[in-house]
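Observations on chain architecture
Chain residues, written in single-letter form:
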Amino acid sequence: MIINLKNNIEESKAQELAVQAEAFCIFDGAKYVLINSSSVKELPQFLEGYTAEFFSFDNDLQLGSRKYLPETRQIQIGNVQIGGGTNNTMVIGGPCSVESEEQIKSSASLMKELGVNILRAGAYKPRTSPYSFQGLGLEGLKLLAKMRDKYGLSIITEVRDATQVDDIIEYADIIQIGAKSMYDHGILKKCGKAKQPVLLKRGFGTTLQEFVQAAEFILSGGNQNVMLCERGIRTFETKTRFTLDLCGVAYLKEHTNLPVVLDPSHAMGYAYGVADLSRACVAMGVDGLIVEVHPNPKIAKSDASQQLNHDEFRDLLATLHPIANAIGRKII
Ligand code: PEP
Ligand code: MN
């Protein structure tokens, strides 16, 4: 259940009630909110007098549900917003990994030229093989921060371990939790204590229920700036890298109040399908699209097969505006 306490309830009282209710207690900017796992249909008596609103749920999709907040949560990223009443679809572009200053500079200047506000690139790469490029680490974060300063872009980069969260907050604007880390409760809880927006990717073997439960870890920790990212799930199909679950996206849009971002690059695994899929994603009326773009994909140190080159990305972007406009949305 969720209890919105009255606005005048002070922290000490809210904490006391939280202990009694065995609940998480968060402050949402205006009031204290208690959340626990109980599905009782009636407000417990000891909370009467302190409660402004009471919500009962039959599963763990609580803070993230439209039953609690009907409107998509608004998230501020640099000087752009998504969610709320904005109807914005933000595009995020950039290489899979930061590889060198020259490479990331080339990507950053392309984003700037095309009016894309957010640059992606991993510094800590969660590779399947220990023999693959693992990322530049802190040096990569510093290069990203340099691009942020030089080009005025917001930066999204992945955290692979809870101990990296503080550095990512220092050098970037959005914390990306990768598909392979989606169940890492150390990372989820640490991100719950942060204020920065978090892009939570769906694990490739994760049900929608488990996905929203992972998001609830962050929300119940106190960070309300959570975006959900569908990036493909593993099915019986082997011709494509994963299967982009657009039915799941429809579910998330209907039932959750969290902005939804789609990643066609990792789903497809091959550059040839990424433009068509991106258009399908935008047509879904989502809040964001994240695409891997590399100055020279052939020599990329990770995910070489799926990254668009600069011309392909430029051409793709031009086609997204009319699709977004046709459904009353705006590419930002
Ligand atoms: C990435 O964004 O480069 C990445 C590793 O994505 P995912 O976690 O979806 O595999
Ligand atoms: Mn990648």
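Since we're looking at a predicted model, the values are computed, not measured.

Conventions we followed
Residues numbered from 1 in each chain as written. Chains lettered and ligands numbered in written order. Predicted model: local features only at pLDDT ≥ 70, side-chain atom pairs only at ≥ 80, totals over all residues. Heavy atoms only, no water. Buried < 20%, exposed > 50% of the residue type's maximum accessible area, 1.4 Å probe, protein only. Helix = DSSP H or I, 4+ residues; strand = E, 2+ residues; numbered from the N terminus. Arc of directions from axis to C-beta. Near = heavy atom within 4 Å. Polar contact = N/O pair within 3.5 Å; in protein donor to acceptor, adjacent residues only side chain to side chain. Areas by Shrake-Rupley, 256 points an atom, 1.4 Å probe, with all protein chains shown as cover. Nonpolar A, V, L, I, M, F, W, Y, C, P; charged D, E, K, R; others polar. Axes fitted to C-alpha atoms, helices over the stretch in contact; angles between N-to-C directions. Parallel < 35°, antiparallel > 145°, perpendicular 65-115°, else oblique. Left-handed = near helix turned anticlockwise from the far one by under 90°. Contact = heavy atoms within 4.5 Å. Pairing = 2+ DSSP bridges. Donors = N, O, S within 2.8 Å, 3.2 Å for Na, K, Ca; no water.

Before going further, it helps to examine helix 7 (residues 246–255). Note: α-helices contain 3.6 residues per turn, so residues at a spacing of three or four share the same orientation. If you check which residues of helix 7 are buried, you get Gly248, Val249 and Leu252. Around the axis of helix 7, the buried residues are gathered within 105 degrees of arc, so they sit on the same side. Exposed residues on helix 7 whose side chains face more than 90 degrees from its buried face are Cys247 and Glu254.

Our next topic: the site of ligand 1. Every residue lining ligand 1 is accounted for by Cys96, Arg120, Lys125, Glu158, Gln176, Gly178, Ala179, Lys201, Arg231, His266 and Glu292. Within the side chain of Gln176, one N or O atom sits 2.9 Å away from an oxygen atom of ligand 1. Side-chain polar atom of Glu292 to an oxygen atom of ligand 1: 3.2 Å apart, as the coordinates give it. Calculation on ligand 1 without its partners gives an accessible area of 300 Å², and the protein chains cover 93% of this total. Taken together, the residues of the shell around ligand 1 break down into 2 nonpolar, 3 polar and 6 charged.

To continue, consider the packing of helix 9 (residues 271–283) against helix 10 (residues 310–326). Relative orientation and spacing of two packed helices are given, respectively, by the angle between their axes and the distance between those axes. Contact geometry of helix 9 with helix 10 gives a least axis separation of 9 Å together with a crossing angle of 25 degrees. On the basis of their axis angle, the class for helix 9 and helix 10 is roughly parallel. Handedness of the crossing formed by helix 9 with helix 10: right-handed. Contacts between helix 9 and helix 10 involve Ala275, Ser278, Arg279, Val282 and Ala283 on the former and, on the latter, Leu316, Thr319, Leu320, Ile323 and Ala324. In terms of residue class, the contact of helix 9 with helix 10 is built from 7 nonpolar, 2 polar and 1 charged.

What follows deals with the pairing of strand 1 (residues 2–5). Residues of strand 1 alternate between two faces, with Ile2 and Asn4 on one and Ile3 and Leu5 on the opposite face, all of them buried. One ladder, built from 3 bridges, connects strand 1 with strand 3 (residues 32–35); its direction is antiparallel. Looking at the pairing, Ile3 lines up with Leu34 of strand 3.

Next up on the list: the coordination of the manganese ion (ligand 2). Bound to the manganese ion (ligand 2) on the protein side are Cys96 (SG), His266 (NE2), Glu292 (OE) and Asp303 (OD), at distances that span 2.1 to 2.4 Å. Of the residues examined, Cys96 reaches a relative accessible area of 1% and is grouped as buried. Owing to a relative accessible area of 17%, Asp303 belongs among the buried residues under this scheme.

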